[in-house]
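# Examination of the molecular architecture
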Amino acid sequence: DSILRGNQDSYRFLVDKYKQAVYSVVLSRVHDETEAQDLTQEAFIRAYMNIESLKDKAKFGPWISGIARNVAGKWLERTRRYESLEGLIEAKVDDMDISHLQRVASIEDADEMLQKEQMRQILWKGIYALPEVSQNVLLLSYMREMKRKEIAEFLGISEAAVRNRLHKARKQLK
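Cut-off values and rules
- Residues numbered from 1 in each chain as written.
- Predicted model: local features only at pLDDT ≥ 70, side-chain atom pairs only at ≥ 80, totals over all residues.
- Heavy atoms only, no water.
- Phe/Tyr/Trp six-rings, centres within 6.5 Å; stacked < 30°, edge-to-face > 60°.
- Helix = DSSP H or I, 4+ residues; strand = E, 2+ residues; numbered from the N terminus.
- Buried < 20%, exposed > 50% of the residue type's maximum accessible area, 1.4 Å probe, protein only.
- Contact = heavy atoms within 4.5 Å.

### Regarding the packing of aromatic side chains
Applying the stated criterion to the full structure yields six aromatic pairs. Residues tyrosine 18 and phenylalanine 154 carry aromatic rings whose centres are separated by 5.9 Å and whose planes lie at 25 degrees to one another, so their mutual orientation is stacked. Remark: phenylalanine 154 occurs in helix 7 (residues 148-155) and tyrosine 18 occurs in helix 1 (residues 8-30); sequence separation between them is 136 residues. Relative accessible area serves as the criterion here: at 13%, tyrosine 18 is assigned to the buried category. A centroid spacing of 5.3 Å and a plane angle of 40 degrees characterise the contact between tryptophan 124 and tyrosine 128, whose relative ring orientation is tilted. Here tyrosine 128 and tryptophan 124 lie together in helix 5 (residues 110-129), a separation of four residues that amounts to about one turn. Judged by relative accessible area, tryptophan 124 falls into the buried class, the value being 15%. Tyrosine 128 gets classed as buried once you look at its relative accessible area, which sits at 15%. By way of ring pairs, the aromatic residues Tyr11, Tyr18, Tyr48, Phe60, Trp63 and Phe154 are connected into one cluster.

Quick look at the structure:
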């Protein structure tokens, strides 16, 4: 209610509370860290502009999560006009290879660093190959270090569903 009256501090509190989780949801869809940051901001702006449509204030997490998925989905639709998602991932990996190789060229243990980078890329490709629902819980759990209960509240699903999705995602990554 205070947000509807123009209290920006109240909204800033919600942004601070949910920004990492929203970023993870967006990243799981767009697979581009820079775009995910921009789209996260866009999601919060859209939420602020439409806050009066939120019926149950206790459901802000699932509500902003839905907005974030929609914003990311629209970005993907625009992007897919130019190239496929797989092409975006490959281009990003190729860019990382070039910049990474340039940075480590003068370092003695370049081979070890290259192996670590390749393993990181393999892991990200594996994560991006997972269904979106699996990516969401995995990124929220490991990257954002959210507890299962927090993930469940944020996504608007049960803790059992979070547990099942995490188990399935881990199994698929192996």
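And the narrative resumes.
### Comments concerning the side chain of threonine 40
In this fold, threonine 40 is placed in helix 2 (residues 33-49). Residue contacts for threonine 40: discarding those within four places in its chain leaves Lys19, Val22, Tyr23 and Val26.

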